[in-house]
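Examining the three-dimensional arrangement
Listed below are the residues making up each chain.
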Amino acid sequence: MKKTFTSAILLIFIFQLQAQITIERSDYPLEIGDSTFRTAVTNSNELTIPATGTDLVWDFSNLTFNLNDQYYNFSNTAGTDPMVPESNCFSIQDSPSPFFPGLTFEATFFAAIDEEGYRTVGKTTSAEDYPLLAVTGSPTDSLNFQFSLSIYEDPSVRGKFPMNFGENENETNTLHNYFLLTIGAFGLSNVPGDFKVIRNSQRTIDSWGTIILTDPVTGLPAEFETLLVINDGIRVDSVLLAGAPAPQALLDLVGLAQGSETPEVEYEFWTKGLDGPILSIFTNSSGQLSGVINPGISDIILSTPKVAKNLLPVSVFPNPNNGTFQLEFEKSNSKVWSFDLYNNLGQIIHQQNIEDFTGNSKTTISLTSQNVGLYHYIIRNEKNTVMASGNIILD
């Protein structure tokens, strides 16, 4: 069940501020070389297919996710390759086989990043062996995947700028996984083949509005003006042997079907200032949902990309309290740090400096005229880096 806000004031405020946005290339920070794009997996049970339209509010503040459970984490490296001359950078990552569960290739994705945006123009996959003993019962049978190169007929767009509501384009791409197949029962010995995937998709900037997500640092809801991009596609799988369709009797042996079609639909929420969608939701052929969130949302909220790798443990005593409490933690330098306290609307209701000395820091906080409830605090150092955060209960 989706979580709702207890305050109607917040929703009224959001409706008043909504506006259709255009995302320019200058709003997109991903550049050539040494650029890392990360996503964290969300809890699929909390996902829903987003509504479509204009001037909408998508409330996904209920989503929980683990920043250490990264679905997609790659670094673009500057460089060109004669195999894919249209590219100016590449990234290497694991790529699961669409045909054989548990089989993973090392894939190199070749991309072009320029003033128009970011698009993938080609892909290579590594050579891998897939044992067939459990399938055919013969230790001499083998499936040996070869190094494979796919050049995209239509570059796969990840960000094309400017992005405006109502735009759409079609993409058709063919991906290859070449192999050598040996199965004695079928009289096959190192016969060349190709597991071929054709993807046809339409990319539409379908809707606009405001998305509400929970900031992973503060734990508070935050809203972002966004464009909803829908990638609606069909994947068609084929298996070729010596240039001809493989016989169905052979495909039955490994649980495949010639020309099988699989729908692939992805919903991407784009906002300004991030290196990719802020939230992506995927559907599979069974209608099941999965999703990933962009941890960079904290960078936007805090107006800084700096969050300490290891947050400091802080003792708050007493907690719950009546508005007077003490913070205790180990301060790593003698600079003046700051303490900010937020209410459940994400508004700062108290600010205070933390003394300029190193070591065990004890700071007393005294609040007046605050309602009972849950509040969130953030401690930042002199460089505005988040060093600690947590919750305080007033009773």
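Residues numbered from 1 in each chain as written. Predicted model: local features only at pLDDT ≥ 70, side-chain atom pairs only at ≥ 80, totals over all residues. Heavy atoms only, no water.

Structurally, Arg 235 can be placed in strand E12 (residues 221–241). On the accessibility criterion, Arg 235 (13% relative accessible area) is buried. Looking at Arg 235, its side chain comes within polar contact range of the side chain of Asp 237, at 2.9 Å. Contacts of Arg 235, omitting those with residues within four sequence positions, involve Pro 98, Val 197, Ile 198, Arg 199, Ser 260, Glu 261, Thr 262 and Glu 264. (Helix = DSSP H or I, 4+ residues; strand = E, 2+ residues; numbered from the N terminus. Buried < 20%, exposed > 50% of the residue type's maximum accessible area, 1.4 Å probe, protein only. Polar contact = N/O pair within 3.5 Å; in protein donor to acceptor, adjacent residues only side chain to side chain. Contact = heavy atoms within 4.5 Å.)

A word on the confidence of the model for the protein. In the predicted model, the protein carries a mean pLDDT of 82, and the fraction of residues at 70 or more is 85%. Ranking the elements of the protein by mean pLDDT puts helix H1 (residues 8–17) last with 36 and strand E13 (residues 244–245) first with 95. This model gives residues 1–18 a pLDDT under 50, and the stretch forms 32 contacts once residues within four places in sequence are excluded. (pLDDT = per-residue confidence, 0-100.)

This part is about the pairing of strand E16 (residues 289–293). Within E16, 4 of the 5 residues are buried, leaving the element largely enclosed by the surrounding structure. In this structure, strand E15 (residues 279–283) lies alongside E16, joined through 5 bridges in antiparallel fashion. Of the residues in E16, the one forming a bridge with Ile 281 is Gly 291. Counted between consecutive antiparallel strands, the loop separating E15 from E16 contains 5 residues, among which Gly 287 sits at a positive phi close to 85°. (Pairing = 2+ DSSP bridges.)

Evaluation of the coordinates by the stated rule reveals 7 salt bridges. Here Asp 114 and Arg 119 are joined by a salt bridge, their closest N and O atoms 2.7 Å apart. Note that Arg 203 and Glu 268 form a salt bridge whose closest N and O atoms lie 3.3 Å from each other. One end of the pair, Arg 203, is in strand E11 (residues 188–214); the other, Glu 268, is in strand E14 (residues 260–270), with 65 residues separating them in the sequence. The exposure class assigned to Glu 268 is buried, which follows from its relative accessible area of 0%. A network of salt bridges, in which partner residues are shared, links Arg 199, Arg 235, Asp 237 and Glu 264. (Salt bridge = Lys/Arg side-chain N within 4 Å of Asp/Glu carboxyl O.)

A word on the sheet that holds strand E18 (residues 324–331). Backbone-to-backbone hydrogen bonds join strands into a sheet, with any given pair of strands oriented parallel or antiparallel. In space, the 3 strands of this open sheet follow the order E17-E18-E21, with antiparallel pairing throughout. Edge strands, defined here as strands with exactly one partner in the open sheet, are strand E17 (315–317) and strand E21 (359–366). When the angles between neighbouring strand axes are averaged without regard to direction, this sheet yields 20°. Note that E18 and E21 share 8 bridges and pair antiparallel. (Axes fitted to C-alpha atoms, helices over the stretch in contact; angles between N-to-C directions.)

The next point concerns the nonpolar core. One finds Phe 100, Leu 143, Phe 145, Phe 179, Leu 181, Phe 195 and Leu 241 to be the most contacted residues of the largest nonpolar core, which totals 25 residues. For this core, the secondary structure elements donating two or more residues are strand E5 (104–114), strand E8 (142–145), strand E10 (168–183), E11, E12 and helix H3 (248–253). Dropping the residues within four chain positions of it, Leu 181 is found in contact with Leu 132, Ser 142, Leu 143, Leu 188, Ser 189, Asn 190, Val 191, Leu 241 and Leu 250. Formed by 20 residues, the second largest nonpolar core is a distinct cluster that contains Phe 60, Ala 222, Leu 228 and Tyr 267. (Core = buried A, V, L, I, M, F, W, Y, C linked by side-chain atoms within 4.5 Å.)

Next up on the list: the packing of aromatic side chains. Inspection of every chain in the model, using the stated rule, returns 12 aromatic pairs. Summarising the aromatic geometry, the rings of Tyr 28 and Phe 161 are spaced 4.8 Å apart at their centres and angled 40° between planes, so their arrangement reads as tilted. Here the residue Tyr 28 occupies a position in the loop between H1 and strand E1 (35–42), and Phe 161 occupies one in the loop between strand E9 (148–160) and E10, the gap between them amounting to 133 residues. Its relative accessible area of 3% is what places Tyr 28 among the buried residues. Summarising the aromatic geometry, the rings of Phe 145 and Phe 195 are spaced 5.7 Å apart at their centres and angled 35° between planes, so their arrangement reads as tilted. (Phe/Tyr/Trp six-rings, centres within 6.5 Å; stacked < 30°, edge-to-face > 60°.)

For the rest of this paragraph, the subject is the sheet that holds strand E19 (residues 337–342). Strand order in the open sheet formed by 4 strands is E20-E19-E22-E23, and the pairing between neighbours is antiparallel. The open sheet has two edge strands, strand E20 (348–354) and strand E23 (386–394), and neither has a second partner. Recorded for the sheet is a direction-independent mean angle of 20° between the axes of neighbouring strands. Relative to E23, strand E22 (residues 373–380) is paired through 8 bridges, and the arrangement is antiparallel. Note on E23: the bridge partner recorded for His 376 is Asn 391.

Along the chain, Ile 21 falls in the loop between H1 and E1. Of the residues examined, Ile 21 reaches a relative accessible area of 7% and is grouped as buried. Sequence separation between Ile 21 and Thr 226 is 205 residues, and the spatial gap between their C-alpha atoms is 7.1 Å.

Another aspect to go through is the side chain of Asn 321. You can see Asn 321 is positioned in the loop between E17 and E18. Under the relative-accessibility criterion, Asn 321 is labelled buried at 3%. Reaching out from Asn 321, the side chain makes a polar contact with the backbone oxygen of Pro 318 at a distance of 3.0 Å. If sequence neighbours within four positions are ignored, Asn 321 has contacts with Ile 392, Ile 393, Leu 394 and Asp 395.

With respect to burial, E22 is a largely interior element, 6 of its 8 residues being buried. Sheet topology places E19 next to E22; 5 bridges connect them, and they run antiparallel. Looking at E22, one finds that Leu 341 is bridged to Tyr 377. From the end of E22 to the start of E23, which pair antiparallel, there are 5 residues, and Asn 384 there has a positive phi angle of about 70°.

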